[in-house]
Amino acid sequence: MSASLLQVVAQLLASGHYSDVAPQLDAIELQTVDQADLDHWPYAVQLLGHLYNSNLEDARFVYKRASSTHKQDPQLKAAFATLQHLWNKDYQGFWPLLTTTQWSEVTLPLVHAIAAKQRQDAVRLVSHAYSSIQPDRLASLTGINPQEALQLAQSEGWQMNGDIITVKRKEQPDTHKESQDHLQHLTEFVVQLEV
Amino acid sequence: MNLSQLLHAIKDMSSRGPQELVQLLQQLKVTEDSLRNQGQKVTEALAHLDPARESLGCLFFLHIVGNIGMPDHGSQQFLVAATRFLSSCDVEQIRLAPDKFVLLCRQVRDHAVALGSPKLAVSPLKDGLQKLAPTPEHVTPIHADFALSCLQAKHYNAAAVVLEQTILDVEPAKTSMKPTDLLLYCYYGGMIHIGRRKYPEALHMFVQGLTAPTFVVNAITIATYKKYALVSLIHSGSVTALPKFTPSSVSRFIKSEAQSYIDLASAYSSKKQQDLPNAIEKHQARFLEDGNLGLVKLVLAGRTKRAIQKLTQTFLTLSLADIAQQVGLETATEAEGYLLRMVDAGEIFAEIDASAGMVRFLEDPEQYTSTSAVQHLNATIQASFALAEKLQSINTQVSLDPAYVSKLYAKDKGDRFPEDPSDFDAEPQSLAYSFQDG
């Protein structure tokens, strides 16, 4: 990678603005003609960036654009396998892959961020889809061991009934906007409809 | 006029008024043919021109340079020059020669493909279409080339911003638009949406292409219908009927040209499980040839999902084992996995009771009373109002069109007797047809 490209990637990752990584790399990729840059293009980082933004489709196209040589890179292979698990919503297969892969220094922060997001999503999904769930199942869906799963359940306010955890859906508090705004909108609608 | 004289004329007239520009355009058109053989000299002359101030001259010269060596060899030099031109050219000048501008954009795409790097055409073509279109709601031939470049470069999301823009206007006089350009844009645009799994948007683009008024049917239209049918099956489980204003020629041709797809659709909704796989196998060669085998496989995969969704209409609770058996899955665990995925995607509302192995089907909990629902409703209403205003302005435009008014008057003339002399002095507006009165 040319010095400037390396810098850009490092800066983005260091700043913690992971959601910007993929769009920025996409834009730069469209303009890049230098063969040296293309040979060392950070496809793995770009793919993971799209995964962080939950853009599975765009991540898939990053992989499609990579040449067969690039596809040999173990980082890209691992990133693509991660995509496949997320694409198929294979929640259980996702976690072992994450922990067993040797992620590079560059990709590691992104992977951690994706894992954190995925764990949150898994908890939300369980609260919507289950009225009761075994601790083992909860553990495999969230990528933690059963002990931690029990702790997680407690922190979410879920009850333990013998072996089974009773799941309760968290009520989302609604943000109420000023009723003034509502009146304003209603008035505008009525005026326009009468015209 | 020789090249150096022409160069002088370009430099001189480009910064004067619009009349001089029209004269310059004429001169360029006249000398174009003689310059075609002087490729090298034109390339050198091009270096002396400023794309921002002498856009018209640049356009013609670039077009000549772009033809050198094509279609075999792409030129990196041309591509760089054209990219710079497209990002900095003067909008007023290039709109005087839309057909030439469109040809240049096509050359950019051809060169990028010949160089083996279609992505290099993506940004320049985006600039090009934004410069040529009189408003963002106008469609240009460059839209189709741009979408094709994004497809070839596999940079599907680069097209997102352009595709999100609703197309409301077509003006062939200003944009050199041809019917095939619109059909191609709808087709390629739909394909990009399919790649990004935005099925409702894809269906919308396909319908736009299928309902374009026409008497003859294009191969593009048939291909569009095939994809439309498959995406409709994937998205909603049935092929939604085309709107009433679809041209009758299109409806007729669909029956004869897309028979395999119609068979597939009826096999999908058949009660017998095996009908669909059989139909797919029977028409496999056709699907492969059309490049639609991937979509067909998605159709098949989607059927299990539909079957589970249908269960919610009959049952309130069901055991995981029963679900698996009804839907044709192997184990209860498999069914649980399926259900979890569907809940995640918002395709079903259900609660799994792991202790009893039972599933309870729920109603959609959306009450439409939350702030986000109200905001969404607000936005949709505003959009409807904007569309109604646009429709009203188009209606007024048509009513004031002299051709329309004369036809209307000729029709009325037969009914009215004797003639009312005051009508001859009447303003067009008072004769204009109005929706409210009609």
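Provided above is the structure to which this section pertains.
Procedures and definitions
- Residues numbered from 1 in each chain as written.
- Chains lettered and ligands numbered in written order.
- Predicted model: local features only at pLDDT ≥ 70, side-chain atom pairs only at ≥ 80, totals over all residues.
- Heavy atoms only, no water.
- Contact = heavy atoms within 4.5 Å.
- Buried area = accessible area lost by both parts, 1.4 Å probe.
- Salt bridge = Lys/Arg side-chain N within 4 Å of Asp/Glu carboxyl O.
- Polar contact = N/O pair within 3.5 Å; in protein donor to acceptor, adjacent residues only side chain to side chain.
- Helix = DSSP H or I, 4+ residues; strand = E, 2+ residues; numbered from the N terminus.
- Nonpolar A, V, L, I, M, F, W, Y, C, P; charged D, E, K, R; others polar.
- Pairing = 2+ DSSP bridges.
- Buried < 20%, exposed > 50% of the residue type's maximum accessible area, 1.4 Å probe, protein only.
- Axes fitted to C-alpha atoms, helices over the stretch in contact; angles between N-to-C directions.
- Phe/Tyr/Trp six-rings, centres within 6.5 Å; stacked < 30°, edge-to-face > 60°.
- Lys NZ or Arg CZ within 6 Å of the ring centre and 35° of its normal.

Student: Explain the interface of chain A and chain B here, please?
Tutor: How big an interface is tends to be stated in terms of accessible area lost as the parts join. Listed per partner, the contact involves 42 residues of chain A and 38 residues of chain B. Contact between chain A and chain B buries roughly 3,400 Å² in total, counting both sides, with carbon and sulfur atoms accounting for 53%. When residues of chain A are sorted by the area they lose upon contact with chain B, A:Leu30, A:Phe61 and A:Phe189 head the list and together hold 18% of the total. Along the contact surface separating chain A from chain B lie 4 salt bridges. We note a salt bridge from B:Arg197 to A:Glu57, for which the minimum N-O separation is 2.8 Å. At the boundary of chain A with chain B, the tally comes to 17 residue pairs in polar contact (both at pLDDT 80 or more). Elements that contribute at least two residues to the side of chain A that touches chain B include exactly α2 (18–31), α5 (56–65), α8 (108–129), β1 (130–133), α9 (135–142) and α11 (179–194) of chain A. With 7 residues, α5(A) is the largest single contributor of residues to the side of chain A that touches chain B. In terms of residue class, the side of chain A that touches chain B is made up of 15 nonpolar, 13 polar and 14 charged. In this structure, β1(A) lies alongside strand β2 (residues 350–353) of chain B, joined through 2 bridges in parallel fashion. When the sheet's bridge partners are listed, A:Ser132 is paired in β2(B) with B:Asp353.

Student: What is the right way to read unusual backbone geometry from this model?
Tutor: As a rule of thumb, non-glycine residues mostly have phi less than zero, and peptide bonds are mostly trans rather than cis. In this model, A:Ser54 sits at a positive phi of 60°, which is unusual for a non-glycine residue. On the secondary structure map, A:Ser54 appears in the loop between α4 (43–52) and α5. What makes A:Ser54 partly exposed here is its relative accessible area of 47%. Its identity as a non-glycine residue notwithstanding, B:Lys154 has a phi of 60°, on the positive side. Its location among the elements puts B:Lys154 in the loop between α9 (141–153) and α10 (160–164). Judged by its relative accessible area of 32%, B:Lys154 is partly exposed.

Student: What am I meant to see in the sheet that holds strand β1 (residues 317–319) of chain B here?
Tutor: Adjacent strands of a sheet pair through backbone hydrogen bonds, lying either parallel or antiparallel. Strand order in the open sheet formed by 6 strands is β2(A)-β3(A)-β1(A)-β2(B)-β3(B)-β1(B), and the pairing between neighbours is mixed. Two strands close off the open sheet at either side, each with one partner strand: β2 (159–161) of chain A together with β1 of chain B. Neighbour-to-neighbour, the strand axes of the sheet open up by a mean angle of 25°, direction not taken into account. Here β2(A) pairs with strand β3 (residues 164–166) of chain A via 3 bridges, running antiparallel.

Student: Looking at this model, I keep getting lost on the packing of aromatic side chains. Mind explaining?
Tutor: When we look at a pair of aromatic rings, we describe it by the centre distance and by the angle of the planes. For the structure shown, the criterion picks out 8 aromatic pairs over all chains. Plain terms: the ring middles of A:Phe61 and B:Tyr156 are 3.8 Å apart, the flat faces sit at 25° to each other, and that makes the pair stacked. Placement of A:Phe61 in helix α5 and of B:Tyr156 in the loop between α9 and α10 is noted, with the two residues assigned to different chains. A relative accessible area of 13% means that B:Tyr156 is categorised as buried. Seen from their ring centres, B:Tyr187 and B:Tyr188 are 6.0 Å apart, and the 50° between their planes marks the pair as tilted. Each member of the pair B:Tyr187 and B:Tyr188 is classed as buried. Over the ring of A:Tyr63 we find A:Lys71; its NZ or CZ atom is 4.8 Å from the centre of that ring. Over the ring of A:Tyr52 we find A:Lys117; its NZ or CZ atom is 4.5 Å from the centre of that ring.

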